[in-house]
Amino acid sequence: MLETEALDVEQVRADFPILTRKVRGKRLVYLDSAATSQKPKQVVQALVDYYSTYNSNVHRSVHTLGEEATAAYEAARERTARFVGASPKELVFVRGTTEATNLVRFAWGERFVEKGDLLVTTLMEHHSNIVPWQLLARSKGARLEYVGLTEEGTLDLAKLESLLKESPKLVAVTHCSNVLGTINDVEKVCSRAKSAGAATIVDGAQSVPHMPVDVARIGCDFYAFSGHKMLGPTGIGALVGRKELLEKMDPFQGGGEMIKEVFLDHSTWNEVPHKFEAGTVNIADAIGLGAAVDYLTGLGMSKVRDHEVKLMRYAMETLNALKGFRSYGPSDPSTRGGVLSFNLADIHPHDLATILDEEGIAIRSGHHCAQPLMRWLDVAATSRASFHVYNSYDDVDSLKAGLEKAGEIFKV
Ligand code: C6P
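All values derive from a computational prediction rather than experimental measurement.

A. Inspection of the packing of aromatic side chains at higher detail. Within this structure, the stated rule accounts for 10 aromatic pairs. Where W108 meets F112, the ring centres are 6.2 Å apart and the plane angle is 35°; that geometry is what we call tilted. Here W108 pairs with F112, and both are found in helix α4 (residues 97–112), just 4 residues apart, close to one helical turn. With relative accessibility at 24%, the residue F112 sits in the partly exposed group. Relative to Y393, the ring of Y314 has its centre 4.8 Å away and its plane inclined at 75°; by these criteria the two rings are edge-to-face. Highlighted residues: Y314 in helix α11 (residues 301–320) and Y393 in helix α14 (residues 393–409), separated in sequence by 79 residues. Look at Y393 and you get partly exposed, because its relative accessible area is 40%. Each residue in the set F16, Y295 and Y390 is aromatic and connected to the rest through ring pairs, giving one cluster. A cation over a ring is seen here: R105 above F106, with NZ or CZ 4.0 Å from the ring centre.

B. Quick peek at unusual backbone geometry. Residue P273 follows V272 across a cis peptide bond; omega there is 5°. Of note, P273 is situated in the loop between β12 (267–269) and α10 (283–299). A positive phi angle, close to 75°, is found at L231, a residue other than glycine. Counting through the fold element by element, L231 comes out in the loop between β9 (222–226) and β10 (237–241).

C. Local environment of the site of the ligand. Around the ligand, 16 residues are found, and the nearest of them are T98, D203, Q206, S226 and R364. At 2.5 Å, a side-chain N or O of D203 approaches a nitrogen atom of the ligand. A distance of 2.5 Å separates an oxygen atom of the ligand from a polar atom in the side chain of R364. Protein chains shield 88% of the accessible area of the ligand, which is 510 Å² for the free molecule.

The rules behind each value
- Residues numbered from 1 in each chain as written.
- Predicted model: local features only at pLDDT ≥ 70, side-chain atom pairs only at ≥ 80, totals over all residues.
- Heavy atoms only, no water.
- Phe/Tyr/Trp six-rings, centres within 6.5 Å; stacked < 30°, edge-to-face > 60°.
- Helix = DSSP H or I, 4+ residues; strand = E, 2+ residues; numbered from the N terminus.
- Buried < 20%, exposed > 50% of the residue type's maximum accessible area, 1.4 Å probe, protein only.
- Lys NZ or Arg CZ within 6 Å of the ring centre and 35° of its normal.
- Near = heavy atom within 4 Å.
- Polar contact = N/O pair within 3.5 Å; in protein donor to acceptor, adjacent residues only side chain to side chain.
- Areas by Shrake-Rupley, 256 points an atom, 1.4 Å probe, with all protein chains shown as cover.

Take a look at the structure:
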């Protein structure tokens, strides 16, 4: 298929066995991919192949199985790195985005941040791009400040500029908000932060699964993402870091494989990225992530992005027409990712999610691990529908019908 052709959703859906199951006797309409995506059979098969034909530890044994496992693990690193425009030497396998930001908090932060330093993050972050910096600020006596938001739910760049005048040590920003859907111009943020002398970390949890990403072009120091949101397994993700910075950083955890030599009074470190991968790594899931990368690459990330923009446009047009429907985030679908947070009149999001579940429709409700953002929106919680490659216009129509039903029950 040419990159310019539209995504063949029916063909894609055939690769996801879970989509054929029924929930409460109804067709499953899975609209919770921002929490975790479904997995194509190619990813499941990669896990089965590993466990049933070459299961072995990596980087240790010279026997055939050991060499096959090592080759597959490193090939997965290579493909995952290339997928985001990085070199494999710059990609550390971690459990996910949360572990990636915590790795930076310890291995970079404990080394480079000092008392009185300024750390900057934003009001639209997931807790995993806030709490590590709060902990770092507390342990170092540093200060944490937030870039606020405009009414449309985009970053207040004037506030960023004023904070940059104070020469922060770190600017931490999400590429795409998991609540508002806002896609930030991270290239610009990182370039401005770099000019001010700050290190930068970009949270790519909601961007890498849905759009072409090129970390070299973004120009950040660190970029974090999770495998399970990009059709891969849980328990695996990546931290991409500039090599020279990774080399200067302290290890994150101590143990096997991250060392070069161990003496009684000191140790020396393995080369990056292995310096940051202590102990037996998550071999199977890294290989599964490699298979997910192959799958997405086969579809073409531009096509994936186009599909989700079309779906978002249709969803916004269709759902905004419902009585009592209020959505959050930018009004132009082409400037947002595949998440749509909303409230329907004053129905509690958990009630709404329960009613939709009766119809086989899975959405997320709650604070989405973004409590400061909820407070800024002045809501306790929202409902959220999120899309991926296997979602269709039919899914949006089902959501609309489910919301109409909820509206009738609650007399909206
Ligand atoms: N957001 C959601 O439903 P982990 O859990 O480490 O794989 O990813 C954390 C994370 C970091 N940043 C963003 C922007 C995210 O959306 C997430 C995970 C899920 O929105 C679960 S809370």
